[in-house]
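Next come the chains, spelled out residue by residue.
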Amino acid sequence: MSIFSFNDFLERLRDCERIIIQAHDFPDHDAVGSAFALAYLLRKKGFKPLITYQGFIDRVSLHNLIGWLDIPIVKSHRLDLKPNDKIIVVDGCIGEKNVTDLPGIEVAVIDHHQVVAPSFVWFSDIRPNYGATASIMVEYFNHYDIPIPERVATALLVGLTFDTANFTRAMNKADIKALLQLQSCADMNMVNRICRNQIEYKELKLFDFMFESIKKDGNCAFGSLPEGCPKNMLGVLGDFLLTVDELDIVVLSARSHERTFVSLRSECPHNDMAKVIKRSLNDTGVGFGGGHSHMAGGVVNQVFDHSNERVFIYDLIRPQLNVL
Ligand SMILES: [Mn+2]
């Protein structure tokens with residue numbers, strides 16, 4: 001990004017009535033933390049932005065983040081959005097399936113996914129080599145020499161920690177710099193408390209279901225979870241399976257709301273999960289998905305009974321993988 005163009009963008013926003021910061025649907029910690037940080041920065045610059053999202057927030061660590069830091073993020077219907085509202089999309093991109101096209105005009109995209117912003121936006125800053133949007137936000141604060149307050153630093157550090165799986169993946173130099181800086185101003189006790197507590201007691205039984213359904217194919221594991229298994233639990237279970245030495249790729253699925261959610265994890269450089277999910281879902285038309293090379297997710301627009309789901313997902317994804 002050229003910061004010059006961000007300055008221009010802010011000038012262009014100057015006369016606009018309402019500015020909305022939209023996190024991607026079913027937001028994660030990086031989306032919420034970065035939206036919170038951008039809202040603070042814009043307030044320092046004389047704006048009064050609102051923060052919104054679509055979908056659900058169903059993970060305990062995200063509830064803790066929002067509740068403990070008192071982050072003023074609300075579902076979009078509560079803002080009564082108007083066609084003239086100006087929307088800044090954070091940690092996602094308008095045109096992607098995980099960013100609902102809300103009433104209002106999308107004027108900016110700030111993201112670290114492999115996306116292309118539509119040409120009509122006034123400003124875009126897309127850095128797929130960054131581990132988190134949080135690290136981009138730290139650079140914005142530094143450019144303007146605005147100190148990062150403790151609450152904002154805490155939220156950004158939680159986002160950075162989650163998106164990089166505790167700094168084990170997708171880290172670049174900027175992420176390490178951001179980590180160093182955020183650690184000096186965040187509430188580290190709270191960061192650690194939020195990051196450590198990722199599941200609830202009642203969710204422990206999902207590990208049983210996973211062990212029962214798991215099928216190993218070379219260095220790859222496939223599994224399907226019971227209906228209604230929270231989407232984030234697919235990620236938690238997938239990360240757990242990646243700690244198994246013989247496994248480098250994990251594909252997990254679960255039915256929910258008449259759709260089948262798929263979560264992919266890889267620690268194998270020869271398998272780009274964002275490409276795998278796009279080829280198997282978007283290109284075949286059965287659904288949609290996206291993400292990063294090491295972690296991606298998607299939705300199939302149909303449901304199956306449990307054993308058919310396993311077969312369907314296996315047949316769908318397996319041909320796109322380089323299994324050892
Ligand atoms: Mn992110």
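Values in this document were obtained by computation on a predicted structure and should not be read as measured data.

Draft legend 1. Region of the structure containing the UniProt feature "domain: DDH" (unreviewed entry) in the protein chain. In the numbering used here, UniProt assigns the "domain: DDH" (unreviewed entry) feature to residues 18–159. Annotation note: span residues 18–159, helix share 32%, strand share 20%, distance between end C-alpha atoms 26 Å.

Draft legend 2. Region of interest: the domain arrangement of the protein chain. Each assigned domain of the protein chain is listed with its residue range as follows: domain 1 (3–196) and domain 2 (205–320). Computed from C-alpha atoms alone, the centre-to-centre distance between domain 1 and domain 2 is 27 Å. Counting residues at the interface gives twelve residues for domain 1, matched by 15 residues for domain 2. Interface of domain 1 and domain 2: buried area, both sides summed, is about 1,100 Å²; carbon and sulfur atoms make up 55% of it. If you sort the residues of domain 1 by the area they bury against domain 2, Lys97, Gln114 and Arg169 come out on top, with a joint share of 44%. One can count one salt bridge joining domain 1 with domain 2. With its nearest N and O atoms 3.4 Å apart, the salt bridge here joins aspartate 239 to arginine 169. Linking domain 1 with domain 2 are two residue pairs in polar contact (both at pLDDT 80 or more). Of the residues contributing to the side of domain 1 that touches domain 2, the split by class is three nonpolar, three polar and six charged.

Draft legend 3. Looking closely at the coordination of the manganese ion. Binding of the manganese ion to the protein goes through Asp30 (OD), Asp91 (OD), His112 (NE2) and Asp163 (OD), at separations of 2.1 to 2.3 Å. The sequence pattern formed by the donor residues of the manganese ion is D-x60-D-x20-H-x50-D. Of this pair, aspartate 30 sits in helix H2 (residues 29–44) while aspartate 91 sits in the loop between strand S4 (86–90) and strand S5 (105–111), and the two are 61 residues apart along the sequence. With respect to burial, aspartate 30 and aspartate 91 carry one shared label: buried.

Draft legend 4. Structural view of the packing of aromatic side chains. Applying the stated criterion across every chain, the model contains eleven aromatic pairs. Taken together, a centroid distance of 6.0 Å and an interplanar angle of 45° make the contact between phenylalanine 6 and phenylalanine 9 tilted. Here phenylalanine 9 and phenylalanine 6 lie together in helix H1 (residues 3–13), a separation of three residues that amounts to about one turn. The class of phenylalanine 6 is buried, set by a relative accessible area of 1%. Of the aromatic side chains, those joined through ring pairs into one cluster are Phe6, Phe9, Phe123, Tyr140 and Tyr144. The ring of tyrosine 130 carries the charged tip of arginine 127 above its face, separated from the ring centre by 4.9 Å. Across the ring face of tryptophan 68, the terminal group of arginine 193 is positioned such that the distance to the ring centre comes to 4.6 Å.

Parameters and conventions
- Residues numbered from 1 in each chain as written.
- Predicted model: local features only at pLDDT ≥ 70, side-chain atom pairs only at ≥ 80, totals over all residues.
- Heavy atoms only, no water.
- UniProt positions renumbered as here; feature names shortened; annotations may be inferred.
- Helix = DSSP H or I, 4+ residues; strand = E, 2+ residues; numbered from the N terminus.
- Domains from an automatic or database assignment.
- Contact = heavy atoms within 4.5 Å.
- Buried area = accessible area lost by both parts, 1.4 Å probe.
- Salt bridge = Lys/Arg side-chain N within 4 Å of Asp/Glu carboxyl O.
- Polar contact = N/O pair within 3.5 Å; in protein donor to acceptor, adjacent residues only side chain to side chain.
- Nonpolar A, V, L, I, M, F, W, Y, C, P; charged D, E, K, R; others polar.
- Donors = N, O, S within 2.8 Å, 3.2 Å for Na, K, Ca; no water.
- Buried < 20%, exposed > 50% of the residue type's maximum accessible area, 1.4 Å probe, protein only.
- Phe/Tyr/Trp six-rings, centres within 6.5 Å; stacked < 30°, edge-to-face > 60°.
- Lys NZ or Arg CZ within 6 Å of the ring centre and 35° of its normal.

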